[in-house]
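# An overview of the molecular structure
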Amino acid sequence: MNIKSILPILDWLPNYNKQHLKGDVNAGLTVGIMLIPQGMAYAMLAGLPPIYGLYAAIVPQLIYAIFGTSRQLGVGPVAMDSLLVAVSVSQFAQINSDHYITLAILLAFMVGSIQLILGILRLGVLVNFLSHPVISGFTSAAALIIGVSQLKYLMGVDLERSQFLHVILWDAWQQLLNINPYTLFIGISGILIILLSKKIMPTIPAPLIVVISGILAVWGLGLDQYGVAIVKEIPKGLPSPQLPLLDGEVMQQLFSSAITIALVAFMEAIAVAKAIHARHNDYKIEPNQELIALGLSNMIGSFFQSFPGTGGFSRSAVNDQAGAKTNLAAIISALFMVVTLLFLTPLFYYLPKAVLASIIMVAVFKLISIQDPLNLWKKGHKRDLAILIITFIATLSIGIQKGILVGVLLSIIGTLYDSLYPKVRVQFSDWDLPDYAFAVRFEGALYFGNSNYFKDKMEAILSQLVSNQDSQPIEYVLLDGSHIHQLDSTGEKALEYILQVYENKGIPILLVALPFQLSKPIFSSVQAAISSKKDKKMSKNTPYVI
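Residues numbered from 1 in each chain as written. Predicted model: local features only at pLDDT ≥ 70, side-chain atom pairs only at ≥ 80, totals over all residues. Heavy atoms only, no water.

## Examining the nonpolar core
Membership of the largest hydrophobic core comes to 120 residues, with the highest contact counts inside it found for Leu 48 and Leu 351. Discounting residues that sit within four places of it in the chain, Leu 48 has contacts with Ala 43, Asn 96, Tyr 100, Ile 101, Ala 104 and Phe 307. Among the nonpolar cores identified, the runner-up in size contains 24 residues, and Phe 454, Leu 465, Ile 474 and Leu 495 belong to it. (Core = buried A, V, L, I, M, F, W, Y, C linked by side-chain atoms within 4.5 Å. Buried < 20%, exposed > 50% of the residue type's maximum accessible area, 1.4 Å probe, protein only. Contact = heavy atoms within 4.5 Å.)

## As for the side chain of Ser 149
Turning to its location among the elements, Ser 149 is positioned in helix H8 (residues 132–149). Residues in contact with Ser 149, not counting those within four places in the same chain, are Leu 45 and Ile 168. (Helix = DSSP H or I, 4+ residues; strand = E, 2+ residues; numbered from the N terminus.)

## Here we look at the side chain of Ser 140
Considering the arrangement of structural elements, one finds Ser 140 in helix H8. In terms of polar contacts, Ser 140 uses its side chain to reach the backbone carbonyl oxygen of Ser 136, at 3.0 Å. Those residues in contact with Ser 140, other than ones at most four positions away along the chain, are Leu 367, Ile 368, Ser 369 and Phe 392. (Polar contact = N/O pair within 3.5 Å; in protein donor to acceptor, adjacent residues only side chain to side chain.)

## Observations regarding the UniProt feature "domain: STAS" (unreviewed entry) in the protein chain
Look at the UniProt record and you will see "domain: STAS" (unreviewed entry) annotated at residues 440–514. Taken end to end, residues 440–514 is 44% helix and 17% strand, and its first and last C-alpha atoms sit 13 Å apart. (UniProt positions renumbered as here; feature names shortened; annotations may be inferred.)

## Let's talk about the packing of aromatic side chains
The relation between two aromatic rings is expressed through the spacing of the ring centres and the mutual angle of the planes. Taken as a whole, this structure holds 9 aromatic pairs when the rule is applied. Ring geometry for Tyr 182 against Tyr 226: centres 5.2 Å apart, planes inclined by 45°, an arrangement best described as tilted. Placement of the pair is Tyr 182 in helix H11 (residues 181–200) and Tyr 226 in the loop between helix H12 (206–221) and helix H13 (248–277), with a sequence separation of 44 residues. By way of ring pairs, the aromatic residues Tyr 417, Tyr 421 and Tyr 453 are connected into one cluster. In this structure, Lys 455 is placed above the aromatic ring of Tyr 497, and the distance from its NZ or CZ to the ring centre is 5.1 Å. (Phe/Tyr/Trp six-rings, centres within 6.5 Å; stacked < 30°, edge-to-face > 60°. Lys NZ or Arg CZ within 6 Å of the ring centre and 35° of its normal.)

## Comments concerning the sheet that holds strand E4 (residues 437–443)
An order of E3-E4-E5-E6 is seen for the 4 strands of this open sheet, with the pairing classed as mixed. Single-partner strands in this sheet number two, and they are strand E3 (423–426) and strand E6 (509–512). Pairs of neighbouring strands in the sheet enclose a mean axial angle of 20°, with direction left out of account. One ladder, built from 4 bridges, connects E3 with E4; its direction is antiparallel. Across the sheet, residue Val 426 finds its bridge partner in E4, namely Val 440. The sheet strands contacting helix H21 (residues 451–467) are E3, E4, strand E5 (476–480) and E6, and the helix crosses E4 at an angle near 165°. Helix H22 (residues 489–504) contacts E5 and E6 of the sheet and is inclined by roughly 145° relative to E6. (Pairing = 2+ DSSP bridges. Axes fitted to C-alpha atoms, helices over the stretch in contact; angles between N-to-C directions.)

## Brief notes about the pattern of salt bridges
Taken as a whole and judged by the stated rule, the model has 6 salt bridges. Of the charged contacts, one joins Asp 418 and Arg 383 as a salt bridge, the two residues approaching to 2.6 Å between their closest N and O atoms. Of this pair, Asp 418 sits in helix H20 (residues 400–420) while Arg 383 is found in helix H19 (residues 382–398), placing the two residues 35 residues apart along the sequence. The class of Arg 383 is partly exposed, set by a relative accessible area of 40%. For Glu 443, the salt bridge is made with Arg 425, and the minimal N-O distance between the two is 2.8 Å. Here the residue Glu 443 occupies a position in strand E4, and Arg 425 occupies one in strand E3, the gap between them amounting to 18 residues. (Salt bridge = Lys/Arg side-chain N within 4 Å of Asp/Glu carboxyl O.)

## Overview of the pairing of E5
In terms of burial, E5 is a largely internal element, 5 of the 5 residues being buried. Across 5 bridges, E4 lies against E5 in parallel orientation. Of the residues in E5, the one forming a bridge with Val 440 is Leu 479. Handedness of the β-α-β unit built from E4, H21 and E5 comes out right-handed. Alignment of E5 against E6, held across 4 bridges, turns out to be parallel. Note on E6: the bridge partner recorded for Val 477 is Ile 509. After leaving E5, the chain enters H22 and then returns to the sheet as E6, a path that is right-handed. (Right-handed = clockwise from strand over helix to strand, strands pointing away.)

## Examining a nonpolar patch on the surface
A cluster of nonpolar side chains, Ile 117, Ile 120, Leu 121, Leu 123, Leu 126, Phe 129, Leu 405, Leu 409, Ile 412 and Ile 413, forms an exposed patch at the surface whose accessible area comes to about 900 Å². When residues of the nonpolar patch are traced back to their parent elements, those giving at least two are helix H7 (98–120) and H20. Looking at the nonpolar patch, the element that brings in the most residues is H20, giving 4 residues. If you trace the backbone, Leu 123 turns up in the loop between H7 and H8. (Patch = residues over 30% accessible without salt bridge, like charges linked within 9 Å, V, L, I, M, F, W, Y side chains within 5 Å. Areas by Shrake-Rupley, 256 points an atom, 1.4 Å probe, with all protein chains shown as cover.)

## Observations concerning H11
Taking 1.5 Å per residue as the helical rise, H11 with its 20 residues ought to reach 28 Å, and the 28 Å between its terminal C-alpha atoms agrees with that figure. For H11, the full list of buried residues reads Thr 183, Ile 186, Gly 187, Gly 190, Ile 191, Ile 194 and Ser 197. The buried residues of H11 all sit within an arc of 140° when viewed along its axis, so they share a single face. When the buried face of H11 is taken as reference, the exposed residues oriented beyond 90 degrees from it are Pro 181, Phe 185, Lys 199 and Ile 200. The opening residue of H11 is Asn 180, an N-cap whose side-chain oxygen sits 3.0 Å from the backbone nitrogen of Tyr 182. (Expected span 1.5 Å × (residues − 1). Arc of directions from axis to C-beta.)

So this is what it looks like as structure tokens:
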């Protein structure tokens, strides 16, 4: 095995082009600055103290830079994983408690272990079970829940933490008279500044502007004395290495959540990596190696107090736009976070939580897709549209994890339905057939699961042909087998049965373009058969033609 496939850093680092240094340094510093408010915001979303968002932005980035195949993917805390962490861990511990923090770190270890095992076993294809309609419906619903969950910080009131949209909205409605006007003003101003900054000054990290403005406003005007919630003391220094809590009973409780987060995180990272890779041709994305890289990032990160993370879209896009050419940019971002933890944390004492809420809300509401269901409707993909809508509603009504499970099950059921009931096309127009011939195309594998369906369909067609023999005589039927990519023994028995039934009714079958050999004599081509029998009755002894 090529060592460079295991350690991609050995591919780009020895051959590093000095011309890339300026872009990598610029991108690394830009993303590092961006990670400070994002990391703290997503830690808060996960139910953790803000400092853990900074911890999660150091070691995972360094590990991914060594093992990852993408040169621009920005690894660290993201909104979706943070919400899933909160939903999962809050079932077993009180938000912000020491036990809660311990479980969140353990979850990172479990998520990383699952991703690493899947990568080693080359099972990256499992993410294919997360079809686009499922992801779109789940992401839009989760984004709504994430955004609405930040109302407590935006309004300055104490709302019940829940993963159900209607519970949060009802609680917020009841608290309307208790809104802190200063907090609300800061939060709404933060949202507007981010939105306007991206249009007026797209090259400047808008969240950083909001963070600085919020800190100065609270500090200068003493708004914390008027009930504006602030971050307060952030521990100074680097995270101390320690083993996660490896308790078998606790790990069993978190196992289903760990699988969900592992797959969702990988799906998000690989989608972002491939989207950015489309603009570069000097490296290749390897999905299974990405699983290994993300797995090691989460696993090793958990030893340094990280919670689950993955590749984020906004950071990766900024990283690419700022000029990142190699993973040196990620290393520089991680080193910038180290400097922040060592020297800059006191500067964030007066950072209002409403500002962090505004950063989260702007980030996640962009994930709500109206275009996806509209496109599915316009293109006539009714089943995919139904799966998207059901996944969306299920995620909002019965919970995050159950919602995505419903979507996956619906996709599997849909695929199974297509396998059990393939399309059967008759008299297709792409063949030039004589009047006395009839064409049938069975578009799917012919196996034990659909053999009875095949026989029923073919017998129904035969019945119709026989009833119309007086008005439109049919001498033979062409069964196009070009789409029958699989034939097991049960399917072959069904095929032989139908051949016999048709032959008994005086309408023999010609098998066309079968991709496999059968146990009976066959002719060389359907063209030769049609030509030789064009004006003659088909022989009942020659039903097979390729």
